[in-house]
Amino acid sequence: SAADPKEFADTWQRIADHFDILFTTEQSIDQLKQTILQLAVMGKLVPQDPNDEPAGVLLEKIAEEKKRLVKEGKIKKQKALPEIGDDEKPFELPDGWEWAFIDKFCYVQGGIQKQPKRTPRENHYPYLRVANVQRGFIDIGELERFELEEGELEKWSLESGDILVVEGNGSAEEVGRCAIWNGHIANCVYQNHLIRVRPYMPSVELFLSKFLNSPSGIEEMKRLAVTTSGLYNLSVGKIKAILIPLPPIKEQYRIVAKIEELMTICDDLKARLNENQTTQIQLADAIVEKAVAVQ
């Protein structure tokens, strides 16, 4: 919430000076992770470079790529969403950034519905369920299989760089959780309770997934989710309408690299915290045993 770079620097310094007393529990470290993501998607985590090609140019290139895919029949022409109003923008962006709906730079598609005809027989493939997609990672420990008809594999198979978004959940905090598919296994498809978000340009998924799992992204998906009998749902149309703060592509790389660096530090903090707790427990046990022995 800092109003300018000086206030931000002063606030950050105050946190740094008291780091040892602010982050002493797993919960506080998890909150720190969320703060890092929020700073990142607001353009406050790494410095801007005026020599970077603006995000507007990236969007122009993506528009050309979309035209090519439509012309080749690989995707259908989509109805354009309305222009973004100033009142829809949650915060002010740095120079070179652009607000854009996901629909403008990604192809969004639902998955395969589980039906009796999908029971594995002769032409079956592994598929992802909601349980396989966690926040920030994909668990392929247990995979079920779908029977596919001729020509369906090309339509439904996942490609490295696809983002899988959980369509619905009983918890508002878990709806929309997402992770990047990195080609873990070949010829994998996905069920209809997951939504596939496929960027038209490579590497955009790295920043996009960070945004969707950030406080701003989570709040945006909670806002868009429709509540029915206690279940929060996101449709393909709702995902398309998520508003994204898009940095220049080179800055996206710098942001993602810095996030990964700081997340590693946070994980190290957690590991040390757990080691300290284990040591304290062992020490307490030793003291108790000694006390019992004395008695």
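Keep in mind the model is a prediction, meaning the values are calculated, not measured. (Residues numbered from 1 in each chain as written. Predicted model: local features only at pLDDT ≥ 70, side-chain atom pairs only at ≥ 80, totals over all residues. Heavy atoms only, no water.)

Scanning the entire structure with this criterion turns up 4 aromatic pairs. Ring centres of W156 and Y190 lie 6.2 Å apart, and the angle between their planes is 70°; on these two criteria the pair is classed as edge-to-face. Pair noted here: W156 is in helix 6 (residues 152–156) and Y190 is in strand 10 (residues 189–190), with a separation of 34 residues, a long-range link. No difference in accessibility class separates W156 from Y190, as the two residues are buried. (Phe/Tyr/Trp six-rings, centres within 6.5 Å; stacked < 30°, edge-to-face > 60°. Helix = DSSP H or I, 4+ residues; strand = E, 2+ residues; numbered from the N terminus. Buried < 20%, exposed > 50% of the residue type's maximum accessible area, 1.4 Å probe, protein only.)

Looking now at the environment of Q48. In this structure, Q48 sits in the loop between helix 3 (26–41) and helix 4 (55–71). Residue classification places Q48 among the partly exposed positions, given a relative accessible area of 35%. Sequence-wise, Q48 and L158 are 110 residues apart; in three dimensions their C-alpha atoms are separated by 34 Å. Dropping the residues within four chain positions of it, Q48 is found in contact with G43, P94, D95, W97, E251 and R254. For Q48, the side chain forms a polar contact with the main-chain oxygen of G43, separated by 3.1 Å. Within the local environment of Q48, its side chain forms a polar contact with the side chain of E251, the two groups lying 2.7 Å apart. (Contact = heavy atoms within 4.5 Å. Polar contact = N/O pair within 3.5 Å; in protein donor to acceptor, adjacent residues only side chain to side chain.)

With that settled, the discussion passes to the nonpolar core. Core analysis: the biggest nonpolar cluster contains 55 residues, and I102, F105, V197, L208, L212, I239 and I242 have the highest contact counts within it. In this view, L212 contacts I102, R135, I163, V165, C178, G217, I218, M221, I242 and I244; residues no more than four positions away in its chain are not counted. Counting 19 residues, the second-largest nonpolar core is a separate cluster that includes Y127, L128, I138 and L148. (Core = buried A, V, L, I, M, F, W, Y, C linked by side-chain atoms within 4.5 Å.)

Further remarks concern helix 7 (residues 204–212). What sets the pattern is the α-helix's 3.6 residues per turn: residues three or four places apart point alike. Of all 9 residues in helix 7, 8 are buried; the element is thus mostly enclosed. Considered for burial, the residues of helix 7 that qualify are V204, E205, F207, L208, S209, K210, F211 and L212.

Our next topic: the sheet that holds strand 9 (residues 178–180). If you walk across this open sheet you meet the 4 strands as 2-11-7-9, and the pairing is antiparallel. In this open sheet, the two edge strands, each paired with only one partner strand, are strand 2 (106–110) and strand 9. Sheet twist, expressed as the average angle between the axes of neighbouring strands with direction ignored, equals 20°. Inspection of the sheet shows strand 2 paired to strand 11 (residues 194–199) by 5 bridges, in the antiparallel sense. When the bridges of strand 11 are listed, Q109 appears paired with R196. (Pairing = 2+ DSSP bridges. Axes fitted to C-alpha atoms, helices over the stretch in contact; angles between N-to-C directions.)

Under the criterion given, the structure shown has 0 disulfides. Take C178: it sits in no disulfide, and the sulfur closest to it among the cysteines is that of C106, at 11 Å. Owing to a relative accessible area of 0%, C178 belongs among the buried residues under this scheme. (Disulfide = S-S within 2.5 Å.)

With that settled, consider the sheet that holds strand 10. One open sheet accounts for 3 strands, arranged 6-3-10; its pairing is mixed. Edge positions in the sheet fall to strand 6 (144–147) and strand 10, since each of these pairs with one other strand and no more.

Quick look at the pairing of strand 7 (residues 163–166) now. Taken residue by residue, a regular strand's side chains alternate between the two faces of the sheet. Alternating positions in strand 7 separate into two faces, I163 and V165 on one and L164 and V166 on the other, with burial throughout. Bridging between strand 7 and strand 9 involves 3 bridges; their strand directions are antiparallel. The residue of strand 9 that forms the bridge with L164 is A179. Two elements, strand 7 and strand 11, share 4 bridges in a ladder whose sense is antiparallel. Directly across from V166, in strand 11, lies its bridge partner L194.

What follows deals with the side chain of E251. Of note, E251 is situated in helix 10 (residues 249–294). The side chain of E251 sits in the buried core without any salt bridge; R254 is the nearest counter-charge, 4.2 Å away. Beyond its immediate stretch of four places on either side in the chain, E251 contacts V46, Q48, D52 and W97. (Lys, Arg positive; Asp, Glu negative; His and termini not counted. Salt bridge = Lys/Arg side-chain N within 4 Å of Asp/Glu carboxyl O.)

Structural measurements only, silent on function.
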